[in-house]
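# Geometric and topological summary
What follows is the residue order along each chain.
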2 protein chains.
Amino acid sequence: MSAYAELERRFRRLALLDEAAAVLAWDKAAMMPAGGAAARAEQLAELEVVRHQAATDPALADLLDAAEADEAALDGWRAANLAEMRRRWRHANAVDAGLVVAFSRATSRCEMRWRTARVENDFAGLAPDLARVVDVVREIAAAKADAFGCGPYDALLDQFEPGARSARIDALFADLGAFLPDVLDRALAAQAAAPEPLPLDGPFAEADQRALGERLMAALGFDFDHGRLDVSHHPFTGGVPEDVRLTTRYERDDFTKALMAVLHETGHALYEMGLPREWRRRPVGEARGMVLHEGQSLLIEMQVCRGSEFLTFAAPLIAEAFGREGPAWSADNLLRHYRRVAPGPIRVDADEVTYPAHVILRYRLEKAMIAGDLAVADLPAAWNEGMRDLLGLAPPDDRDGCLQDIHWPDGAFGYFPTYTLGALAAAQLYAAARAADADIVPAVMRGDFAPLVGWLRANVHALGSRHTTDEVLVRATGRPLDAAAFKRHLEARYLA
Amino acid sequence: MSAYAELERRFRRLALLDEAAAVLAWDKAAMMPAGGAAARAEQLAELEVVRHQAATDPALADLLDAAEADEAALDGWRAANLAEMRRRWRHANAVDAGLVVAFSRATSRCEMRWRTARVENDFAGLAPDLARVVDVVREIAAAKADAFGCGPYDALLDQFEPGARSARIDALFADLGAFLPDVLDRALAAQAAAPEPLPLDGPFAEADQRALGERLMAALGFDFDHGRLDVSHHPFTGGVPEDVRLTTRYERDDFTKALMAVLHETGHALYEMGLPREWRRRPVGEARGMVLHEGQSLLIEMQVCRGSEFLTFAAPLIAEAFGREGPAWSADNLLRHYRRVAPGPIRVDADEVTYPAHVILRYRLEKAMIAGDLAVADLPAAWNEGMRDLLGLAPPDDRDGCLQDIHWPDGAFGYFPTYTLGALAAAQLYAAARAADADIVPAVMRGDFAPLVGWLRANVHALGSRHTTDEVLVRATGRPLDAAAFKRHLEARYLA
């Protein structure tokens, strides 16, 4: 067997262990009773140890060297697969088993603590566990920085978005940061001058909300023979490409959030479902990174489903699902609800004009924590100051301030920026899609998403990790990631 | 680290891999969309390969030898744990990795085929896949027979019920086979002379059936912080002791089967929930075998819940759950339904008088298939002939004949006899429990199951695999497994 073939065999095992862990993680969030948590943590930790052992088997170094020496024998997909295997090997081998276990323990413990600390608005109770997580993540970041020859925070970014560097994000976020306050002021003024949306009175039975979500998921191309929709505290997309598990959460008196969350997750699901089957269980066959992943979900949710064409199609289905009628259930009124701009303290409730400010705040703070310039104890004050600076508001308490997100307790430093980079990618890709195929928008209005999803499949999904994110964007849109399309989108939608 | 301690560490990994596989298997039956089957089969197969590699690591042989040489240093629990580790090592090391993969592939494929073949009454469509499973199982049986120094079929029995031997089962089943036809005739005659039960008219909403099941599960001691009730095609108990997953299936026009299935599975669940926590993730801490497991479920379902005391407690709750009233909903009438004797072709619908005949048939046929005396192609004819012989009836078709069970497609040869051995154990244990504590029966009538479950916990559950099945029975009932208590039970219930 060639070194390359043996590498494929070994990475197939890693992929299958990841798949098993993904199903266990979905179950933990969507099905598991609370009393199963400790046992599940042990199961996931053991899978991680087994995975780490396989990913750091000393034989891999020689196999990678041998395959790279013979790289000329590989076609483009295989060469990209080999490069991706090397990148993953670097990540896995930069940290020793003790640090992997320390990360798993610290984050499991901190995440569990966070669940009560958030409810009880108890930052002091979380702080020691969070400080431990930050310490471990800083150790990991330092080790990976050595391995990749980059800065510690950049090494964390690379875990979620390969090749991402904070210097470029600084520039993109500076550009956005300079642009957004003025747009926000003008959007709020335009909104104040327009009629208030008519109320959408509840209650909305969960079963009806779910049926509506499933109907629109199916319209978008979600294949229920290869996936499910369930409930969890935070909406997410889990499972595996042949069996994609979406979750949302329902509010009895407001269907609008759960519905948009379902459509958002459907964007993630379509990416997973559209990955190249012939490269399944090989690194090159997986999604490129979190920028394009979030780009897919925000393209579907923000660009398409909050657009007037989609709501023209969906409004009668929404009214029918809840047995309602009248002017509140028109596409125009739904559009007013779905385009409401309102600065607030909570990221997951934010509109698309203010969302980047939430991300920029977290990006600044996590960079400072990783650099050692911000102590966990000082986080609440820094958070509140940042919110005042960026959005001109003060969170009522830590629960709706620095305790609101699971990401840091979970150890996911370097993840937040991908939300806003994804928003930029979504705008850039949708603009290119509309330019490439004039039927995409009229088809959306008819409830036909095949032209749109076909374009996304060809230009993003089916490419897996064959190219870098910027290469994908250059091929599809003519230029690397920037903020131009996103700015035009905000102006067109909120200032017109 | 001592050899024994190192063995515990290694078997802990095996236990955790088993737990991960158990959750994936539950999900497969209760949650997974059909299109996820192929990917799930690969995930489970890979976990099995990883598990098999760990279970056949050459270092284990030396560790077992060293620990056994120093066995005098171990207390009773640890000595039993070591013996159980040796038994498992023998099972794992008897078969090579190729055979393990062949088994996993053949059974995954055959099980999926069976799902449609049964619906379509298409035995010919299943036969090639089933023949492949039989071939692989015969290879495994031959290899394990060598390792254990027993016959091939006995080696398969040992996988489910350690120490079980077909010579003893032959004798027990001959005893039962001679006893049952006469009891059946007399029970049918007594039933014909008694008034017909009043009909329990449906429909019964699934949500109401589920709520009733959960209420009675809770009364029996099932802890919903450590488990769930869901739906699958066949009721089963899965998950792990801290998170036990029960399933049932509901019929709209008949609640009685789903309810008793829930109570049956609750018996399994109580065993899992009652295993000794201090021996968790060690072989000695696991359930003893399928005879005592089925003994627990049949004790709860058949001995307790189809008894007049339980139904006296449950009748008003059942009536309330469905908003019904009147004489049909009395304990007496429910009892008549739940004691109905009616020979029929379907095992899972069989009453407890005719159930052993279904098991004896399967036992005879699977022994013959493993011995090479019965070809898969000849199974339908042999099945139908056996049904005529044992119960005097002919199945209408293969769907309700030899296609009805998942066990053989799933590769579970040597499992069927444990159902009836479990029925014998259930009768023997419940008789001993009543003799040991006179409050058990009156407490059941009050809906208080603590005395019963306390006795089971002390005499069965908390013992894990510390003793053999016969040792458990001798300690709890004064004698090894036999049919005497079961015979007395049938006479008392059906001929009184």
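These figures come from a predicted structure and were not determined experimentally. (Residues numbered from 1 in each chain as written. Chains lettered and ligands numbered in written order. Predicted model: local features only at pLDDT ≥ 70, side-chain atom pairs only at ≥ 80, totals over all residues.)

Quick look at the overall build of chain A now. In terms of regular secondary structure, chain A is built from 20 helices and 3 strands. Taken over C-alpha atoms, the radius of gyration comes to 23 Å for chain A, in line with the 23 Å a tight globule of 496 residues would show. Overall size of chain A, expressed as C-alpha extent along the three principal axes, is 70 × 50 × 45 Å. In chain A, once contacts between residues fewer than 6 apart in sequence are set aside, the share between residues at least 24 apart is 70%. (Helix = DSSP H or I, 4+ residues; strand = E, 2+ residues; numbered from the N terminus. Rg over C-alpha atoms; globule rule 2.2 N^0.38 Å. Contact = placed C-beta atoms within 7 Å.)

Superposition of chain A onto chain B requires a rotation of 178 degrees combined with a translation of 0.2 Å along the rotation axis, giving an RMSD of 0.3 Å. Both copies are brought into coincidence by an operation consistent with a two-fold rotation axis. Most of the interface of chain A is mirrored in chain B, where 100% of its interface residues are also at the interface. (Least-squares fit on C-alpha atoms with pLDDT ≥ 70 in both.)

This brings us to the domain arrangement of chain A. All names here are of chain A. Looking at the assigned domains, one finds that chain A contains domain 1 (3-160) and domain 2 (161-496). Here the C-alpha centroids of domain 1 and domain 2 sit 25 Å apart. Listed by partner, the interface residues are 47 residues for domain 1 and 45 residues for domain 2. Counting only elements with at least two residues in the side of domain 1 that touches domain 2, the list comes to helix H1 (3-30), helix H4 (76-94), helix H5 (97-119), helix H6 (123-148) and helix H7 (152-160). For the side of domain 1 that touches domain 2, the element with the most residues is H1, which contributes 12 residues. Here the residues of the side of domain 1 that touches domain 2 sort into 31 nonpolar, 5 polar and 11 charged. (Domains from an automatic or database assignment. Nonpolar A, V, L, I, M, F, W, Y, C, P; charged D, E, K, R; others polar.)

A few words on the interface of chain A and chain B. The interface is formed by 29 residues belonging to chain A together with 29 residues belonging to chain B. Going through the elements one at a time, H1, helix H2 (37-55) and strand S1 (227-231) of chain A are the ones with two or more residues in the side of chain A that touches chain B. A breakdown of the residues in the side of chain A that touches chain B according to their chemical character gives 14 nonpolar, 5 polar and 10 charged.

This part takes up the nonpolar core. The biggest cluster of nonpolar side chains holds 111 residues, and the ones touching the most others in it are Ala425 and Ala426 of chain B. Among the elements that make up this core, the one with the highest residue count is helix H16 (residues 417-436) of chain B (10 residues). Counting the residues that make up this core, at least three belong to each of domain 1 (3-151) and domain 2 (152-496) of chain B. In this structure, Ala425 of chain B is in contact with Val291, Leu292, Gly295, Leu473 and Leu481 of chain B, ignoring residues within four places of it in sequence. One finds Leu365, Ala425, Ala476 and Phe486 of chain A within the second-largest nonpolar core, a separate group that totals 110 residues. (Core = buried A, V, L, I, M, F, W, Y, C linked by C-beta atoms within 7 Å. Buried ≥ 20, exposed ≤ 12 C-beta atoms within 10 Å, placed from the backbone.)

A word on unusual backbone geometry. Residue and element names in this part refer to chain A. The omega torsion across Gly202 and Pro203 is 0 degrees, close enough to zero to call that bond cis. Take Pro203: it is sitting in the loop between helix H8 (166-193) and helix H9 (206-220). Phi is positive for Asn121, which is not a glycine, with a value near 55 degrees. Relative to the helices and strands, Asn121 is located in the loop between H5 and H6. You will see that Arg281, though not glycine, has its phi angle at about 65 degrees, which is positive. Tracing the backbone through its elements, the reader meets Arg281 in the loop between helix H10 (256-273) and helix H11 (290-305).

All names here are of chain A. With respect to topology, 3 strands assemble into an open sheet ordered S1-S3-S2, the strand pairing being mixed. The open sheet is flanked by S1 and strand S2 (237-240), the only strands paired with a single partner. The sheet shows a mean angle of 20 degrees between the axes of neighbouring strands, direction not considered. Sheet topology places S2 next to strand S3 (residues 243-248); 4 bridges connect them, and they run antiparallel. Residue Val240 lies in a different strand from S3, and its bridge partner there is Asp243. Against the sheet, H1 makes contact with S1, S2 and S3, and its axis sits at roughly 140 degrees relative to S2, the strand it touches most. Lying on the sheet, H10 is in contact with S1, S2 and S3; it crosses S3 at an angle near 160 degrees. (Pairing = 2+ DSSP bridges. Axes fitted to C-alpha atoms, helices over the stretch in contact; angles between N-to-C directions.)

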